[in-house]
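Residue-level structural notes
Listed here are the chains, written in short residue letters.
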Amino acid sequence: MAKLPGATHVSSRFYRIALVASLLVSLVLPFVVPVYYVQFLSKAMLMGILALALNLVVGYGGLVSLCHAAFFGLAGYVLALTSPASGGASIFITLPLAMIVVAAVAAVIGALSLRTRGIYFIMATLAFGEMLFYLFHDTKIGGGSDGIYIYYEPEAVIAGFRLVDLGNKTHFYFVSLGALFLTLLFLKGLVGSPFGHALAAARDNERRALSLGFPVFGLRLAAFVISAVIAAVAGYLSAAQFGFVAPQMLGWHLSATVLVMVVLGGLSSLVGPLVGAIALMGLEEVLKSLFDNWKLVKGLIIIALVFLLPGGLQQLGALVMPERGEAPDTTGEAVEEKAHG
Amino acid sequence: MTPLLVIENLRSFYGVSQALHGVGLSVGRGEQIALIGRNGMGKTTLLRSIMGLIHDRRGEIRFDGASTIDRQPEDIARAGIAYVPEGRGVFGSLDVVENLVMAARPGRDGHSNWTLERVFEVFPRLHQRRGHGGLQLSGGEQQMLSIGRALMTNPDLILLDEATEGLAPLIAQEIWAMLDIIRAEGIATIVVDKDHRSLARVADRMVVMAKGEIAFDGTPAALRAEPGILERHLGI
C-alpha cells in the first residue's frame, strides 16, 4: 500500500486487534447505550465517511478542497427534492440519483478547479462551494434559507419486503456502520491499486509523473469525483437521519470542520480521518456538557494536539506500540557516500 | 533511415525571457548524444522542451516522424521518450518495487525488453533495497531507481539530466556502465553531465550549448581536435 509521508507503522498485529475490537464494540454499542447516543454515533460515523472521502483528495492527492460540504449537502437536497409528499422515497432510486448528480457537479467543479494549484485550488473550490451554498440560500429551491423538511424517511423495500427501517434509530445505526465499513474497504483497495499509487506519485512529484506518461489531470479528476460521490453517500444518509436539509449543510464552515477532522486524525493513514472525526465530535459532546464557552476550550485543545502530535491522533498508537519494519540501512552505499563527502 | 528525433528552429520561453534561440538537432536511432555547456546555457531547457514540459515552445520537434511540438508531456512520454530529471524525482511514498512497477509499460512496438527482473539484474543494489521507501535510498540508489523506472517504460529515447552529479565516483562509474548497456539495447539517449571526459568515452556525438544555441555538434574526436571550443564554452 502507498505510504504517505511521515506515515508511522504501528505493528500490524496491534492494528488487527484494534480493528476487531472496535468492530465488536460497534456491534454491541447500540444495544447498551441510550438512544440519544445511538443517534450521536450514527452522526459521527457519517462525518467519518465524509472525512475519509475528503482525505482521498487531501492526503493521497495532495489537494486541499474546501467544497466537500457542498457535495455532502447537495446529496441531501437531491433526497429532499425527490421525496414525495405522501410517503418515503425509495433508497434504491434516490441514493444512486444523488450520487449521479453529485458526480456530475463534481466533474465540472473538478475540471475547472484542477487547472489551478496550491492555494489557488483551495480558493477555486471554496468559490464553487459557496456558489452552491447561495444557490440554495438565495433562491426558492428547497425552501431558500429556511431549508426543507423530508417528512418520510427513504424506504428500503424490495418486492414488498422492508429490508431496514431507516426511521428506527438502531437500524439506522447499522446502515451507517455498513456504509462506513464499505467506504473503508473501498478506499483501502483504491489507495493500494495502481490508480492509488499513480495518485500518490503525482502528489510527490507532478512533473515526474507526467514524464512517465501518467495523465495527472485525469487521475486527479477521477479521485475528486470518487471522493465527492462518497461524500454524497454521507450527505444523503445525514439528510435521511434528521429529515431536514438547510443551506448550512453546504457551507464552507462544514468543509473546514471536516478538514480539521482529517488533519486532527492524521492524513498519513487510511483510518486517521475517521479517528479524527469521532474524536472531534466526541470532544465537542463532552465539552458542551462541561463548559459554557466550550468552543474556546475546544480550540485550545486542538491547538495543543497539533503541537504535540503533528502526525495526528493516529500517532498515539505509534507512540504506545513498537514500530514495525525498516531499520535504517547503516551498511553499504549510504555510508560509503557519506565517506566520500 | 529517418532520424528518431528531429528538432528545427526550437525557441523556448519562460514568460517573456527567451531561453532557447533556434536550436536544431537530430538524433538517430540508438544514438548516444552528450549535451554539455556551462550552467544556464539551455541544456535542461532543451530536454524539458523535448519532453513538453516547457509550455511556450515554438519551432518544430518531430519524434519518429510525428510532430510533438503541440503535445502534452504525458502523450510524449507514451510516444516513447523517458525523462530522468536532475534531482531524480523518486516517488518518496512508494517503495523501490512500486516505483518501478508503476512505470511498467510495453514499448510502442509492443516489446517488453525491460522488466522488473531485468532492472534488478543490471542494478543488483536496487534488488537488495527493494522493500525500502524511495526516500530511504542514497543519492546513487535514487539515480539508479530513476533510470530503472525510465527503462521500465521501454522507451526509444532517454533524456538523462545531470547523470552523475553529486554521486560518489564509484557510483558514477556504475551509471556510465549503465549507459553502455542502454546503448547496446539500441535505445537512443541524450545525456547531460559536467564530466565531459567520461561523456566523450561513451557518446557517439558531443553537442555543446551556449546561450540557448548549439555551438558545436560533432564526434568526440572532432571536439578533441578543436580544444578552443571546450575552452570557450566550458571554461576548461
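Structure: see above.
Presented here is an overview of the structure given in this document. Numbering of residues starts from 1 in every chain and runs along the sequence as written. Both sets of labels track the order of writing: A upward for chains, 1 upward for ligands. Two thresholds apply to this predicted model, a pLDDT of at least 70 for residue-level local features and 80 or more for giving and counting side-chain atom pairs, whereas whole-chain, interface and lining totals are computed over all residues. Hydrogens and water molecules were not included; the side-chain quantities draw on all heavy atoms of the structure.

**Description of the sheet that holds strand β5 (residues 66–67) of chain B**
Residues and elements named next belong to chain B. With antiparallel pairing, four strands are arranged side by side in an open sheet as β2-β1-β4-β5. The two strands at the open ends of the sheet, each matched to only one other strand, are β2 (17–27) and β5. Pairing between strands is defined by DSSP: at least two bridges between the two strands are required. Every helix listed is a DSSP run of H or I at least four residues long, and every strand listed is a run of E at least two residues long, numbered separately from the N terminus. Pairing between strand β1 (residues 5–14) and strand β4 (residues 56–63): seven bridges, direction antiparallel. Opposite Arg 11, over in β4, you have Arg 58 as the bridge partner. Against the sheet, helix α1 (residues 43–51) touches β1, β2 and β4, its axis set at about 110° to β1. Any pair of residues with heavy atoms lying within 4.5 Å of one another is described as a contacting pair. With axes taken as lines fitted to C-alpha atoms, and helix axes fitted only over the stretch in contact, angles between N-to-C directions fall between 0 and 180 degrees.

**Some points on the packing of helix α7 (residues 194–204) of chain A against helix α9 (residues 216–242) of chain A**
Residue and element names in this part refer to chain A. Relative orientation of the contacting elements α7 and α9 amounts to 115°, with a least axis distance of 10 Å. Considered as vectors, α7 and α9 are oriented roughly perpendicular to each other. For the crossing formed where α7 meets α9, the hand is left-handed. Taking contact as the criterion, the partners of Phe 195, Ala 198, Leu 199, Ala 202 and Arg 203 in α7 are, on α9, Val 216, Leu 219, Arg 220, Ala 222 and Ala 223. Note on residue classes: Ala, Val, Leu, Ile, Met, Phe, Trp, Tyr, Cys and Pro are nonpolar, Asp, Glu, Lys and Arg are charged, and everything else, Gly too, is polar. Of the residues contributing to the contact of α7 with α9, the split by class is eight nonpolar, no polar and two charged. An angle below 35 degrees is treated as roughly parallel, one above 145 as roughly antiparallel, one from 65 to 115 as roughly perpendicular, and anything else as oblique. For any pair of crossing helices, the crossing counts as left-handed if the nearer helix is rotated counterclockwise from the farther one by less than a right angle, and right-handed if it is rotated clockwise.

**Comments concerning the pairing of β4(B)**
All names here are of chain B. Looking at chain direction, β4 and β5 are connected through two bridges and run antiparallel. Each residue of the ladder has a partner; that of Phe 63, found in β5, is Ala 66. Hairpin geometry of β4 and β5 is characterised by an intervening segment of two residues between the two adjacent antiparallel strands and by a positive phi of about 55° at Asp 64.

**So, the sheet that holds strand β8 (residues 188–192) of chain B**
All names here are of chain B. Pairing is mixed across the open sheet formed by six strands, whose spatial order is β6-β7-β8-β3-β9-β10. The open sheet has two edge strands with one neighbour each: β6 (81–84) and β10 (213–218). Neighbour-to-neighbour, the strand axes of this sheet turn through a mean angle of 15°, independent of strand direction. Where strand β9 (residues 205–210) and β10 come together, five bridges link them in antiparallel fashion. Within the sheet, the bridge partner assigned to Val 207 lies in β10 and is Asp 217. Sitting on the sheet, α1 touches β3 (32–36), β6, β7 (157–160), β8 and β9, and the angle it makes with β6 is about 145°. Sheet strands in contact with helix α10 (residues 227–234) are β3, β9 and β10, and its direction is about 40° off that of β9.

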